[in-house]
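Letter by letter, the chains look like this.
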Amino acid sequence: MNNKEALVVFSGGQDSTTCLFWALKHFEKVHTITFYYGQKHSLEIEMARSIAEDAGVDFHLEDVSFIGSLGSNSLTDTSIVMDSEKPSDTFPNTFVPGRNLFFLSIAAVYARERGIRHIVTGVSQTDFSGYPDCRDAFVKSLNVTLNLAMDDQFVIHTPLMWLDKAQTWEMADRLGVLELVRRKTLTCYNGIPGDGCGHCPACRLRNDGLDRYINSVEYRKLI
């Protein structure tokens, strides 16, 4: 295994793009793996490819569209109206069951075949929107499982795990990519790049974090 290389699970959104540049700071060589899982707004794949090319890192796309067909969710099924708020008694219907489980498992196999030990993902328990597969306990458990399953020693890095969205924007700013993340990523559930539609849950979370960061003491220190 190569301790100097990392594989970033890369969607082209705010979080994974911030993690890409975090990885570029911490590892000598960085690779990316992006997944098509049947998402309605596949523009994010092309944006991810463009960001990876501009950053000078390898880009690999895997078709795992079976994930979207296994259950019902508003990110892959055009007939389902997206939840505007998180339900109090269940997951939001933007939750794609098993998505991070599959992504990280496939990423580990891909990494193993290339001698890569380090895997980076942008999940966050602080701003996890009710998704159970973004929690620290899940990632740590899966890390152990993957090591046992392949008799290897992977390390799954989660740079954003305990950061809220304002702190994620701060990280991007300290990495020198705040404007790139703001203008060239796609986080919006309605498929609008940059600042997005402003109304969906992902946009509200992202834009609220940006507003809080821009009004923070930390931001004023950097300008």
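See the structure above.
Residues numbered from 1 in each chain as written. Predicted model: local features only at pLDDT ≥ 70, side-chain atom pairs only at ≥ 80, totals over all residues. Heavy atoms only, no water.

(A) Examining the overall build of the protein chain more closely. From N to C terminus, the protein chain includes nine helices and five strands. Within the protein chain, the fraction of its 223 residues that count as buried is 52%. Residue pairs in contact within the protein chain that sit at least 24 positions apart in sequence constitute 70% of those at least 6 positions apart. Surface summary for the protein chain: the accessible area is close to 10,500 Å², and the carbon and sulfur share equals 50%. (Helix = DSSP H or I, 4+ residues; strand = E, 2+ residues; numbered from the N terminus. Buried < 20%, exposed > 50% of the residue type's maximum accessible area, 1.4 Å probe, protein only. Contact = heavy atoms within 4.5 Å. Areas by Shrake-Rupley, 256 points an atom, 1.4 Å probe, with all protein chains shown as cover.)

(B) Spotlight on the pairing of strand S3 (residues 58-63). Pairing between strand S2 (residues 29-36) and S3: six bridges, direction parallel. The partner of Tyr36 across the bridge, within S3, is Asp63. The β-α-β motif built from S2, the intervening helix H2 (residues 43-55) and the parallel element S3 has right-handed crossover chirality. (Pairing = 2+ DSSP bridges. Right-handed = clockwise from strand over helix to strand, strands pointing away.)

(C) Examining the state of the cysteines more closely. Tallying each qualifying case throughout the model produces zero disulfides. Cys197 forms no disulfide, and the closest cysteine sulfur to it belongs to Cys188, at a distance of 3.6 Å. Judged by its relative accessible area of 17%, Cys197 falls in the buried class. (Disulfide = S-S within 2.5 Å.)

(D) Seen up close, the side chain of Ser16. Tracing the sequence through the fold places Ser16 in helix H1 (residues 14-26). Within the structure, the side chain of Ser16 is placed 3.0 Å from the backbone nitrogen of Ser11, a separation counted as a polar contact. Excluding residues that lie within four positions of it along the chain, Ser16 makes contacts with Val8, Val9, Phe10 and Ser11. (Polar contact = N/O pair within 3.5 Å; in protein donor to acceptor, adjacent residues only side chain to side chain.)

(E) Layout of the pattern of salt bridges. This structure, assessed with the given rule, holds 12 salt bridges. The residue Lys140 makes a salt bridge to Asp136 at a minimum N-O spacing of 2.8 Å. With Lys140 and Asp136 both in helix H5 (residues 136-150) and four residues apart, the pair spans about one turn of that helix. For Asp136, a relative accessible area of 13% corresponds to the buried category. (Salt bridge = Lys/Arg side-chain N within 4 Å of Asp/Glu carboxyl O.)

(F) Seen up close, unusual backbone geometry. A positive phi angle is found at Asp151, which is not glycine, with a value near 50°. Considering the arrangement of structural elements, one finds Asp151 in the loop between H5 and strand S5 (155-157).

(G) Highlighting the environment of Ser16. Taking the relative accessible area as the measure of exposure, Ser16 reaches 5% and is therefore buried. Ser16 sits 171 residues away from Thr187 along the chain, and the two C-alpha atoms are 10.0 Å apart. Within the structure, the side chain of Ser16 is placed 3.3 Å from the backbone nitrogen of Gly12, a separation counted as a polar contact.

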